[in-house]
Amino acid sequence: MSENIKIAVVGSGYVGLVAAVCFAEMGHDVICVDNDERKVAALQGGDSLIHEDSLPELLEKYRNTKVRFMTDLAEATRECEAIFIAVGTPQSEAGDADLSYVEAVACEIARSITSYKVIVEKSTVPVYTNEWVTRSMERNGVARQLFDVVSNPEFLREGTAVSDFLHPDRIVVGADSERAAAVLRRIYLPLTSGDYYERSGSIAGSCNVADPPPLLLTSTKSAEIIKHASNAFLALKISFINAVSNLCEATDANVEQVARGMGLDSRIGPKFLRPGIGYGGSCFPKDVAAFRSVAEQLGIDFNLLTEVEKINGQQKKRFLNKVRSALWTLRGKRIGVLGLAFKGETDDIRESPAIDVVEMLLAEGCSIAAYDPAAIARTQEVLPAASNLRYVTDAYAAAEDADALLILTDWAEFSNLDIDRLNQALRYPIVIDGRNLYDPDTMVKHGFTYLSIGRPAAYPVRDLTAPSAS
Ligand code: UGA
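Rules and cut-offs
Residues numbered from 1 in each chain as written. Predicted model: local features only at pLDDT ≥ 70, side-chain atom pairs only at ≥ 80, totals over all residues. Heavy atoms only, no water. Helix = DSSP H or I, 4+ residues; strand = E, 2+ residues; numbered from the N terminus. Rg over C-alpha atoms; globule rule 2.2 N^0.38 Å. Buried < 20%, exposed > 50% of the residue type's maximum accessible area, 1.4 Å probe, protein only. Contact = heavy atoms within 4.5 Å. Lys, Arg positive; Asp, Glu negative; His and termini not counted. Charge placed at Lys NZ, Arg CZ, Asp CG, Glu CD. Patch = residues over 30% accessible without salt bridge, like charges linked within 9 Å, V, L, I, M, F, W, Y side chains within 5 Å. Areas by Shrake-Rupley, 256 points an atom, 1.4 Å probe, with all protein chains shown as cover. Salt bridge = Lys/Arg side-chain N within 4 Å of Asp/Glu carboxyl O. Domains from an automatic or database assignment. Buried area = accessible area lost by both parts, 1.4 Å probe. Polar contact = N/O pair within 3.5 Å; in protein donor to acceptor, adjacent residues only side chain to side chain. Nonpolar A, V, L, I, M, F, W, Y, C, P; charged D, E, K, R; others polar. Axes fitted to C-alpha atoms, helices over the stretch in contact; angles between N-to-C directions. Left-handed = near helix turned anticlockwise from the far one by under 90°. Near = heavy atom within 4 Å. Pairing = 2+ DSSP bridges. Right-handed = clockwise from strand over helix to strand, strands pointing away. Expected span 1.5 Å × (residues − 1). Parallel < 35°, antiparallel > 145°, perpendicular 65-115°, else oblique.

What about the overall build of the protein chain?
Counting secondary structure elements, the protein chain contains 18 helices and 14 strands. At 24 Å, the protein chain has a C-alpha radius of gyration in line with the 23 Å of a compact globule built from 470 residues. Along the three orthogonal principal directions, the C-alpha set of the protein chain runs to about 80 × 50 × 45 Å. By residue count, 54% of the 470 residues in the protein chain fall in the buried class. Expressed as a percentage of contacts within the protein chain between residues at least 6 apart in sequence, the contacts between residues at least 24 apart total 71%. Computing the positive centroid from 48 side-chain charges and the negative centroid from 64, the protein chain places the two 2 Å apart.

Structure below.
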């Protein structure tokens, strides 16, 4: 039988906000704490701040009732049984995670504790963070029996965050005491028992009452490592297929066929084998660097991760060379750009390879007309419109009179464009696709020169841009 638990979530960023509304959706009472008063006011007023499926609906359903937003961590600590720390852990100069926000939260919790609390690391943190949080609580005078620190990493993806949270592949709980593990088991019971999936109006996804998510109980250190190792492994898969795509380009093989052939092996699996212009976002680049840094500090040779990063960086440069191979010189060329976000279905541009490519093209003297369904406002904050950079309102406007059109983000919208209309809008019918959204044969049939990743370049008959055979 599921019960209603009082939960505090500290930090209302991606992970914190999604966790807060999803815990409410599971039936719990949540206080979401943030020290940014403007953010708190916006959330209280119903502005979800990020572009995420189902989030506005859940926020509307629970805000100021089952999810209260406030700045007062002391009050939240007093009221709640479990306190999830979901503050940022940005990358420091040296590549490791900056844990000063986590430490500050731990110290503030320490000042307000009067009864037993479970403090849960939800942010992605390196191994040993748990011990440091414990130590800072003790240094601030909290008796050891008044708290436990648990690691409960989150595996949600941006764009599908709510359904990933409520339909996880697994729930990892790293707890070194049975008392703390029991609290986390109670919190996740609506999911692990399958109860949640039977409720009317529950958010749909891959789990159901017959197939609820497993809860894996581990040591705290193992849980911390599971999170970093999972992200690093996914990044490795992407770099691996990107390196394979380069090999395919050199041999006129087709990486889509190769990835399919590999992915049908159930030990490898088909996911995260999509080649492109490299991974980005707020997680993979930061987490691979942090994991590498942890290994270094522990004297472990994990150079594999350095290679993963190296391949990822090279992928953008290779893409620029591909543009050059189609356009010859770049100075003064007009380029249409589709996609600015680090991946489709999000407005997030953090570490976006698309933005890196745009910056490289501007540095080469190109002028750009860029379109993204959701990320233009955020991009303008870092790359304001200028004489050589225009933001336009749809894909066809980006193509208008351009020497070539580049696809940099895998928005679903970009896979369904009217390609004849694009062809007419472009000055030259050249598409350079960094996300392999189109079939080369179809593009050629519609008169395009079409370059993509790890697949043979496709030139229409009599295209003057094709290299001559002589
Ligand atoms: C990633 C992980 O997938 C989540 O499990 C994890 O919880 C999250 O980081 C985190 O640590 O918070 P996310 O950053 O939202 O989630 O994005 P992904 O969907 O994993 O994509 C990351 C990058 O890899 C994107 O730039 C995407 O375009 C790229 N990618 C992904 C590829 O280039 N190829 C692929 O096959 C898959």
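After presenting the structure, the write-up continues.
Concerning a negative patch on the surface
Where like charges cluster on the molecular surface, the negative patch consists of Asp53, Glu57, Glu345 and Glu413. Tracing the backbone through its elements, the reader meets Glu413 in the loop between strand E12 (404–407) and helix H17 (419–425).

Topic: the domain arrangement of the protein chain
Along its sequence, the protein chain is organised into domain 1 (6–218) and domain 2 (226–470). Every contact between the two is made by 25 residues of domain 1 and, on the other side, 24 residues of domain 2. Interface of domain 1 and domain 2: buried area, both sides summed, is about 1,700 Å²; carbon and sulfur atoms make up 57% of it. It is His51, Thr124 and Glu158 in domain 1 that bury the most area against domain 2; as a group they hold 33% of the surface buried on that side. If you look at where domain 1 meets domain 2, you find one salt bridge. Between Arg350 and Glu158 there is a salt bridge, and its shortest N-O distance comes to 3.5 Å. On inspection of domain 1 and its partner domain 2, the count reaches eight residue pairs in polar contact (both at pLDDT 80 or more). Of the residues that constitute the side of domain 1 that touches domain 2, the class distribution is 13 nonpolar, seven polar and five charged.

Observations regarding the packing of helix H5 (residues 100–112) against helix H6 (residues 129–139)
A pair of packed helices is characterised by two quantities: the angle between their axes and the separation of those axes. As a packed pair, H5 and H6 sit with axes 9 Å apart at the nearest point and diverge in direction by 35°. Crossing of H5 over H6 shows right-handed handedness. Contact with H5, carried on its side by Val102, Glu103, Ala106, Ile109 and Ala110, involves Thr129, Val133, Ser136 and Met137 of H6 and no other residues of that element. A per-class count over the contact of H5 with H6 returns six nonpolar, two polar and one charged.

Describing the site of the ligand
The full set close to the ligand counts 19 residues, and Leu156, Glu158, Lys227, Asn231 and Cys283 are the nearest of them. Between the ligand and Glu158 there is a distance of 2.7 Å, counted from an oxygen atom to a backbone nitrogen or oxygen. Contacts to the ligand include Lys227, whose side-chain N or O atom sits 2.7 Å from an oxygen atom. Bound to the protein, the ligand loses 95% of the 710 Å² it would expose on its own. Among the elements of the structure, helix H10 (220–251) and helix H12 (284–297) are those that each provide at least two residues to the shell around the ligand. For the shell around the ligand, the leading source of residues is H10, giving three residues. By residue class, the composition of the shell around the ligand is nine nonpolar, two polar and eight charged.

Section: the pattern of salt bridges
The final tally for this structure, using the stated rule, is 27 salt bridges. In this structure, Glu138 and Arg144 form a salt bridge, with 3.9 Å as the shortest nitrogen-oxygen distance. Relative accessible area serves as the criterion here: at 40%, Glu138 is assigned to the partly exposed category. Of the residues examined, Arg144 reaches a relative accessible area of 36% and is grouped as partly exposed. One salt bridge connects Asp403 with Arg427, and the closest N-O pair in it is separated by 3.0 Å. Taken as a pair, Asp403 in the loop between helix H16 (395–399) and E12 and Arg427 in the loop between H17 and strand E13 (430–433) lie far apart in primary sequence, 24 residues in all. It is possible to trace a salt-bridge network through shared partners that takes in Glu3, Glu81 and Arg186.

Things to note about the pairing of strand E2 (residues 29–33)
Counted residue by residue, E2 has four buried out of five residues, so it is predominantly covered. As judged from the five bridges shared by strand E1 (residues 6–10) and E2, these two strands associate in the parallel manner. Paired with Ile7 across the two strands is Val30, which belongs to E2. For the crossover that starts at E1, traverses helix H1 (residues 14–26) and ends in the parallel E2, the hand is right-handed. Across four bridges, E2 lies against strand E3 (residues 67–70) in parallel orientation. If you follow Val33 over to E3, its bridge partner there is Met70.

Digging into H1
Helix length check: H1, at 13 residues, gives a terminal C-alpha distance of 18 Å against a target of 18 Å (1.5 Å per residue), a fit within 8%. For H1, the tally of buried residues reaches 12 of 13 residues, placing the bulk of the element in the interior. Residues Tyr14, Gly16, Leu17, Val18, Ala19, Ala20, Val21, Cys22, Phe23, Ala24, Glu25 and Met26 constitute the buried set of H1. One or two residues past the end of H1 sits Gly27, with phi positive at roughly 120°.

Quick notes on the side chain of Asp34
Positionally, Asp34 belongs in the loop between E2 and helix H2 (37–44). No salt bridge is formed by the buried Asp34; the nearest opposite charge belongs to Lys39, separated by 4.1 Å. Within the local environment of Asp34, its side chain forms a polar contact with the side chain of Ser12, the two groups lying 2.6 Å apart. When near neighbours in sequence (up to four residues on either side) are disregarded, Asp34 contacts Gly11, Ser12, Lys39, Val40, Met70 and Thr71.

Some details on the packing of H10 against helix H13 (residues 303–327)
Close contact between H10 and H13 brings their axes to 9 Å; oriented N to C, the two are set at 45°. On the basis of their axis angle, the class for H10 and H13 is oblique. The way H10 lies across H13 gives a crossing that is left-handed. Counting all contacts with H10, which are made through Ala232, Ala235, Leu236, Ser239, Asn242, Ala243, Ser245, Asn246 and Glu249, the residues of H13 involved are Leu304, Leu305, Val308, Ile311, Asn312, Gln315, Arg318 and Lys322. Tallied by class, the residues present in the contact of H10 with H13 amount to eight nonpolar, six polar and three charged.

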